[in-house]
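Examination of the molecular architecture
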4 protein chains.
Amino acid sequence: MTQYQFSFRDDYSEGCHPAILRALQETTLVQQIGYGNDAYSIAAKNLIAAMMPGSNADIHFVSGGTQANLIVISAALRSFESVVSAQTGHINGHEAGAVEASGHRVEVVPVSDGKLDVSLISPLLRQVGNPSSTQPKMLYISNTTELGTVYNKHELAALSDFCRTHGWYLFLDGARLPSALAVDGNDLTLADIAELTDVFTIGGTKNGGLLGEAVVITHPRLKDGFIYHLKQNGALLAKGRVLGLQFRELFQDGLIVKLAADANERAMGIARAIEKLGYPFVVPPCSNQLFPVLPNRVIARLAAKYLFHTWQQVDGQHAAVRLVTSWATPVAACTQFIADLTDLTAAGQ
Amino acid sequence: MTQYQFSFRDDYSEGCHPAILRALQETTLVQQIGYGNDAYSIAAKNLIAAMMPGSNADIHFVSGGTQANLIVISAALRSFESVVSAQTGHINGHEAGAVEASGHRVEVVPVSDGKLDVSLISPLLRQVGNPSSTQPKMLYISNTTELGTVYNKHELAALSDFCRTHGWYLFLDGARLPSALAVDGNDLTLADIAELTDVFTIGGTKNGGLLGEAVVITHPRLKDGFIYHLKQNGALLAKGRVLGLQFRELFQDGLIVKLAADANERAMGIARAIEKLGYPFVVPPCSNQLFPVLPNRVIARLAAKYLFHTWQQVDGQHAAVRLVTSWATPVAACTQFIADLTDLTAAGQ
Amino acid sequence: MTQYQFSFRDDYSEGCHPAILRALQETTLVQQIGYGNDAYSIAAKNLIAAMMPGSNADIHFVSGGTQANLIVISAALRSFESVVSAQTGHINGHEAGAVEASGHRVEVVPVSDGKLDVSLISPLLRQVGNPSSTQPKMLYISNTTELGTVYNKHELAALSDFCRTHGWYLFLDGARLPSALAVDGNDLTLADIAELTDVFTIGGTKNGGLLGEAVVITHPRLKDGFIYHLKQNGALLAKGRVLGLQFRELFQDGLIVKLAADANERAMGIARAIEKLGYPFVVPPCSNQLFPVLPNRVIARLAAKYLFHTWQQVDGQHAAVRLVTSWATPVAACTQFIADLTDLTAAGQ
Amino acid sequence: MTQYQFSFRDDYSEGCHPAILRALQETTLVQQIGYGNDAYSIAAKNLIAAMMPGSNADIHFVSGGTQANLIVISAALRSFESVVSAQTGHINGHEAGAVEASGHRVEVVPVSDGKLDVSLISPLLRQVGNPSSTQPKMLYISNTTELGTVYNKHELAALSDFCRTHGWYLFLDGARLPSALAVDGNDLTLADIAELTDVFTIGGTKNGGLLGEAVVITHPRLKDGFIYHLKQNGALLAKGRVLGLQFRELFQDGLIVKLAADANERAMGIARAIEKLGYPFVVPPCSNQLFPVLPNRVIARLAAKYLFHTWQQVDGQHAAVRLVTSWATPVAACTQFIADLTDLTAAGQ
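Now for a quick tour of the structure. This one's a predicted model, so the numbers in the text were calculated from it and none came from an experiment.

So, how was this worked out
- Every residue gets a number counted from 1 within its own chain, in the order that chain's sequence is written.
- Lettering for chains starts from A, numbering for ligands starts from 1, and both go in the order in which the items are written.
- Residues qualify for local features only when their pLDDT is at least 70, as the model is predicted, and side-chain atom pairs are given and counted only at 80 or more; totals for whole chains, interfaces and linings, by contrast, use all residues.
- For side-chain calculations, the full set of non-hydrogen atoms in the structure is used, while hydrogens and water are omitted.
- Only residues with pLDDT of at least 70 in both copies contribute their C-alpha atoms to the least-squares superposition of the copies.
- In what follows, residue pairs with any heavy atoms lying within 4.5 Å of each other are defined as contacts.
- Here the rule is simple: two strands pair whenever DSSP picks up at least two bridges between them.
- Only DSSP runs of H or I with at least four residues qualify as helices, and only runs of E with at least two residues qualify as strands; both kinds are numbered from the N terminus onward.
- Where helices are involved, their axes are fitted lines through C-alpha atoms of the stretch in contact, as for all axes, and angles between N-to-C directions lie from 0 to 180°.
- Comment on the angle field: the value is read as roughly parallel under 35 degrees, roughly antiparallel over 145, roughly perpendicular from 65 to 115, and oblique elsewhere.
- By definition, turning the near helix anticlockwise from the far helix through less than a right angle yields a left-handed crossing, and turning it clockwise yields a right-handed one.
- Two parts placed together each lose some accessible area under a 1.4 Å probe, and adding up what both lose gives the buried area.
- A pairing counts as a salt bridge when a side-chain nitrogen of Lys or Arg comes within 4 Å of a carboxyl oxygen of Asp or Glu.
- We define a polar contact as two N or O atoms separated by no more than 3.5 Å, with the added condition that, inside protein, one atom must be a possible hydrogen donor and the other a possible acceptor, whereas residues neighbouring each other in sequence contribute only through side-chain atom pairs.

1. Some points on the relation of the copies chain A and chain B
Between the two copies of the chain lies a relationship made up of a rotation around an axis and a movement along it. When chain A is fitted onto chain B, the two copies agree to an RMSD of 0.0 Å after a turn of 180° and an axial shift of 0.0 Å. This pairing of chains is accounted for by a two-fold axis. Of the residues that chain A buries at the interface, 100% are likewise interface residues in chain B, meaning the two copies contact each other through the same surface.

Quick look at the structure:
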C-alpha cells in the first residue's frame, strides 16, 4: 500500500463545486440587500419552485442541517407536542439533543433499515388525548435515510395519508435528498415530495455546496411566522446571498442531482465489488452510503490507508463500517480501494 | 444626479475579500475533517491566539452574530440569571427575542451614546438575592457599539472590575470589533480585550468575510461544554473549514484590521464633509457608522440615489440617518455622495 | 405602644376562611377522581360559569399566581411573540423571569399608576412585521393593579378593542380581582371581563383561600390543549379536589367578593385617616392596598410595631410604604394603627 | 354484589389525615411570613433534618410531584445534559413531556421490574464526550418504583457509587418513599438516602397530605440558586405555610411512615389472598401497589363494583390490573374485595 490516505468518512470532506466558486468570484463586488432578499436567493428560489409547479411553497436557506431540523421542528410544535423519529434518525442522538433543548420530546421508533412505515408509528396513537402524555404531532423521516436507504412514492404516500388522517405534519429531512433522487429506480420527484409532505429540506452541504440547506414549506401553518423563527435562531444570515448563490448554481440545469448521481455511481461501484467479494451489508446499498460487514482484520488494514467510520461491532470477528462517497470522490480512489480490499480478502483466505 | 444607486445601508452588502476567494479556490479539493477540526480552522485559531499571548482562550467559529450572541449568553447563564444590555444593544430588539427565547431576561439600561458604564449598571445590584427577581450575571457590551462609538481601555477596565467584583461575566460583542481596533486613537488591543472580558466575538461578516464570527472564550467556566452548545444550536458546521479558512485569511498579516481601517477612513471622509456643511451628529463619528442629522428634504433627495436607513425622526423637519461604509466601499462613491450632499445643501439655502 | 406586632405586609399572611376548613373536614374521606375531575371542581366551575352566562369559558384551577401567569402566557404565545406589560406588572420583575424562562420577551411600558391604556401601548405596533423584532401578541394587565388601582368598564373595553383590532390576546391577571369587583363604584362584572378579555384569573390565595387561582379562558385558541400545558408545568394536582373545594366555597353566595369588600373597607378606613392627617398617596387609594407617603421618622416608629413594606424612597425625608389588608384583618388592628399614626404625627409637629 | 363502588385506582382519592385538618384549624388566623419562611415550614424542615443527622440538606416544599421532578431536573442540568430513567419512570411518559419541555432529553432504559442497575445504565457512557450526543448527567430512580418495587441499601449504594464515579447526580423520586420505608424488610433509612443520593423527594400527596412534596437537596451545586428555580416555575407559594404545616404534622412522631405502613398492610392482605387464589403478579408485591394478572372476565365483573386501572393486556384472555391502597383504605373494603374476587374465581372454575 502507498502512504496516500483517502477519506470515505463522509460526503462533506471537500470544498465545493467549481461553478459555485466561479459565481462567488463574479458577484463579489455587487451590492445586494441582506437577510435573504438578495437577487441570488430569489433566483434560487425560483429555480427550485419551478421543479414543483403549483406547490406554492415558501423556500428559505439556512446554514446547516441541524439548524434546519431544529427550527422546522420547534417552529411547528407546541410545547406538549412531540416529533416521531426512527431510532436511527439524525435528530435522535446525532444532534446533541437539539430538539429536546428546543422543548420537545422525540418519540423514538426502533427500525431495521432506517425507514418508518404506518405499522411502526401507529402505536403512538395510543398517547392521543391522554393529558399525561406528549401528543405526537409531526413525523420526521430522512431520505436517503441515515442508512442510505430510500423511500419510494408508494411508501411516502402511505405515510402522508397517515399523517393527514391524524393531523400530523410530515417533515422529510433531505440532507441527502439529491442522492435519493439520483438513486437507480427512484420514482419520487421534488414535486411529489412537495405534494406529499408539509415541509422538507434539500441539502447543499453534502451535495456540492460549501454550506447550506433549503427549507421548503408547503403547509400554510408552518409558513406563518417562519422568518421570525429563523431570525431568533440566528439562521438569518446578513449575507444570505452566500446561501442563495450556491443554490442558484446547484439548481442550474439540475447540477445538484447530477453531482449526487456521480456520488451514487462511485459508491455503487464499490458496493458491487464488495458483494462480489462475498461480504454482506447491513442494508442493501443503493445510494452514496455503504454499510458492508467486514472482518476486523481487514478493517484494521484498510484503516491504515483510508479514513472511514466503524458503524457497529457485529460479532467478535466482524464489524459494519460506513463508506461514503461525494460528488468529488475520484474514480481512482474507488478503484484503488476495491483493489486493496480484494488483495486483503485474498490474503485472508 | 445619475441613475446609479449606491448603498450605504450597511457593511454587509458585498461579497468577500479576494484573498478569501483565492483560498477557497486553492483548497476546494483538499479533503479535511469536519466540524471545526480541519487544518484551516486550526491555523486560524493559532493566528488569533498569537495576538493574545498567554490568554489561553478557546476559539470557535460560527456562522453569524445573532447565533454567536444567543449561544454565548444561553450557555453562560442559568435560567434565572439575566444579561444586562444597553437599550441600543443588538441583543435587545434586533434579534427577534433570541435571548428571551433561550430562556433569559435582558435587563435593559437606557443610554445616550450606545455605551454602558458602572454608574448605569450599578442599580441592577438591587435585584441581587431577591427570589422574586432575575439575577444579573452577565454584562453585554458592543464595540464598536450600535451607534458606532467605542470603548477605550480605561472604560473597559472599569466595567471589567465591576464584573469581577460582582461575579458577572463580561461579554463583548465584536461584530464590528475590527472597526473599533482601527479607530483613530484606539488604545485597546485584542490582548487587552482577552484579559478584560470573559468572552468576546470578532466579526468576519462585516469585515471582509462571506460569513462567520469568531467566539473567543477566556473564562474556564464558559469554555466547559461549549462544543455541545454549538452542536445543539446547529452552529457546528459540517464544513467548518469554510469558516476557518476565512479567518485564516483575515488574520494573515492583520488583513481584517486593515480592511476595517479602510472602511473607517471612507466613513470619516464623509463625516468631515458633513461637519463642514454644518450638520450635527447623534453621536460624534469615529468609525464606519455615521449618524448625521439632516433635513427631511435633503434625505428625500439623497434617497433617490443612495440606499441608507433613516434612524429616527428628530423633529418635524429633521431626521437622523445611518450611513455605513465597508472595506469594499469605493472612494468614488464617497466623493460623489459628498458632492451630492453639498449641492443639495447649497440648493436649500 | 404595646409589644403586639401586626402585619400589613400583604393579604396572604393568614390561613383561610372557616367555610373552607369546614368543607375540607366534611369531605376528607370521600373518594374522588384525581386531576381536576372531582365533583368539587366541577361544582366550583359551575358556580363561576353561572356568573358569566353565555361565555362558554373553560375553567381550570392552579396552585398559584406565578404559575397561572407563566402557563397562560407560554401556552398562548409562539416563541417570537411577546407579552406587553406595565413596568409595575407582576410578570415584570416579580416572578424571577418566569415569562422569559418560558421563552418570551416581556415588552415593558412605563406607567404612573399601574394602568395601561391605548396611547401607552400603541408604540409597540412599530415592531409588527419586522423580522428583527419580537412580535407583540398579548396584553397583560392586572386588576386591581400592583398599585391597588382599578380599571373601569370603559377603560377595559378600549383595551379590548385595541387587542381585537390588532390580533392580540388580552389577559387580565386577577390575583386581586375580587378586591377590584368590591371597589366602591366599580362597574365591571365577571361577565364583562369574560366578554372583554380572552383569558383571566381569579385569585383565591389573597381572597380567603389557602391557595389557588382560577384560570378562565374564553378564546377558543387558548382553550385548545391547555390541559397539556397544565400537566407539563406540574400544575395538574393529583388532588385537584383541594383547589376545587376552595373555589366551590368561595363562590357560594358570592363569599369571595364579600371577603374582598371587608378587606377593602378596612383599608379605606385607614386611608381616610391617613388623608385626614395630611399625608399624600402615590396613587389615590380605592382597594385593599394603600401607598401613603410618610416621613422616614414615622415609618421607623411604625415598623417597631407593624410589619409592612417600604415601597420606595420619595426624597431624603419621605418614603412610600405599602399597607395591605385582608379578609381576616381585625378592625381593632386598623383602629390601633390609626391611633398610633395619629400619635406619631402629633409628636412630630 | 352491592351498588357500593370503591376505588383502588390510586392513593390520592381521599382528602388528608385528621391531624392536618386539626392543625389547619388551629393556625388559620395566625399571621405568618410568606414564601416558605413561616414557622410551620421551619418546624417541618427541622423534623425532617433530624432524621438525617449530619446531612446538611436544604429542604423545600412544593405542591406536586411533576413540579418537583421538573424543577429538580431542569435546575440541575445544562441544556446538553440529559437525565437517565427507566422506561417505566414517571418522568418518561407520565408527565406530558415536562422534562423535555424544560429542554432536556430523557435517556430511556428498558426495565422489567421498574428498577435500574449499573449494568442497565452503563451503556450510556458511550455517549460521553461525543459532541453529537447529549451528555448523561443525572440518574433518576423512583422508590417505590412505578411498579411498587423497592431498592435495598446495597442496590442504592451501587447506583450511588456509579454516579459518583462518573460525575452524575443521583435523584430519587420519593412520591411513594414513605411506602418504601414501610415495606417489610426494608433496610434503607432517610439518613441512608440523604447520604447516597444528591437530591430526593418525599411525597405528601400520596401519604396523608392534601398536597405537597418535600425536596431534599444534599449536593451543594444543586442547592445553589434553587430558590430562584422554585419562584420561576411558580412553585414558591405565597402561603407556603400550607405545605409546611402538613409536613410538620406528617413528620410528627413518624406519622407519615405509619400511614404508609397501614396502606402497605392493606395491600399485602389483598396480595396474599390473590396469591392464594393462584393468580400471578407482574412483579412480586411488597408495597401499596399490586399488579396481579387476572382473567378479563373477572376484571369485567370487578369493574362493576370497584375502580382500578387496567395496566396492560397480557394475552387474549388476561390482563394485568393495578390495585392501590392508601392510608385511608378501610379494612372492610379490602375484605369485601377479597371476598368478591374469591367468589368470581370460584364461579369461573
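2. A closer look at the sheet that holds strand S7 (residues 199-203) of chain D
Residue and element names in this part refer to chain D. With mixed pairing, seven strands are arranged side by side in an open sheet as S2-S8-S7-S6-S5-S3-S4. Of all strands in the sheet, those bounded by a partner on one side alone are strand S2 (58-62) and strand S4 (106-109). Between one strand axis and the next, the sheet turns by 20° as a mean value, whatever way the strands run. Where strand S6 (residues 169-173) and S7 come together, two bridges link them in parallel fashion.

3. Things to note about the sheet that holds strand S3 (residues 81-86) of chain A
The strands making up a sheet are joined through hydrogen bonds of the backbone, oriented either antiparallel or parallel. All names here are of chain A. Pairing is mixed in the open sheet, where seven strands are placed in the order S2-S8-S7-S6-S5-S3-S4. Unpaired on one side and paired on the other, strand S2 (58-62) and strand S4 (106-109) mark the two borders of the sheet. Taking the axes of each pair of neighbouring strands and ignoring which way they run, one obtains an average angle of 20° across the sheet. In this sheet, strand S5 (residues 135-142) lies alongside S3 in parallel orientation, the contact comprising five bridges. Looking across to S5, one finds that Ser 85 is bridged to Tyr 140. Helix-sheet contacts for helix H2 (residues 39-50) involve S2, strand S7 (199-203) and strand S8 (213-217), and the interaxial angle to S2 is about 125°.

4. A few points about the environment of Gln87(D)
Residue and element names in this part refer to chain D. Following the sequence through the fold, Gln 87 ends up in the loop between strand S3 (81-86) and helix H4 (98-101). As for Gln 87 and Val 242, which are separated by 155 residues in sequence, their C-alpha atoms are 34 Å apart. Excluding residues within four positions of it along the chain, Gln 87 makes contact with Asn 92, Val 108, Val 109, Pro 110 and Val 111.

5. Comments concerning the packing of helix H12 (residues 255-276) of chain A against helix H14 (residues 331-348) of chain A
All names here are of chain A. One can describe the packing of H12 onto H14 by two numbers: an axis separation of 10 Å at closest approach and a directional angle of 15°. Comparing their axes, H14 and H12 come out roughly parallel. Between H12 and H14 the crossing geometry is right-handed. Contacts from Arg 266, Gly 269, Ile 270, Ala 273 and Ile 274 in H12 reach Val 331, Cys 334, Phe 337, Ile 338 and Leu 341 in H14.

6. Things to note about the packing of helix H1 (residues 18-27) of chain C against helix H11 (residues 241-250) of chain C
Residues and elements named next belong to chain C. Direction vectors running N to C along H1 and H11 enclose 130°, while the axes themselves pass 9 Å from each other. As judged from the angle between their axes, H1 and H11 are oblique. The handedness of the crossing between H1 and H11 comes out as right-handed. Residues Ala 19, Ile 20, Ala 23, Leu 24 and Thr 27 of H1 form the contact with H11, whose own contacting residues are Arg 241, Leu 245, Gln 246, Arg 248, Glu 249 and Leu 250.

7. As for the interface of chain A and chain B
Chain A puts 45 residues into the contact, and the matching count from chain B is 45 residues. Note on chain A versus chain B: buried area summed over both sides is about 3,900 Å², and carbon and sulfur give 57% of it. Together, Gln31(A), Gln232(A) and Lys239(A) form the three largest contributors to the area buried by chain A at its contact with chain B, with a combined 19%. At the surface where chain A touches chain B, the tally comes to zero salt bridges. Put simply, chain A and chain B have 23 residue pairs in polar contact (both at pLDDT 80 or more) between them. Those elements that place two or more of their residues in the side of chain A that touches chain B are strand S1 (6-7), helix H1 (18-27), helix H3 (65-76), helix H4 (98-101), helix H10 (226-232) and helix H11 (241-250) of chain A.

8. Points about the relation of the copies chain C and chain A
Mapping chain C onto chain A calls for a screw motion: a turn of 180° about the axis and a shift of 0.0 Å along it, with 0.0 Å RMSD after fitting. Residue by residue, 100% of the interface of chain C is reproduced at the interface of chain A, so both copies engage with the same surface.

It is worth stressing that arrangement in space is one thing and function is another; only the former is reported here.
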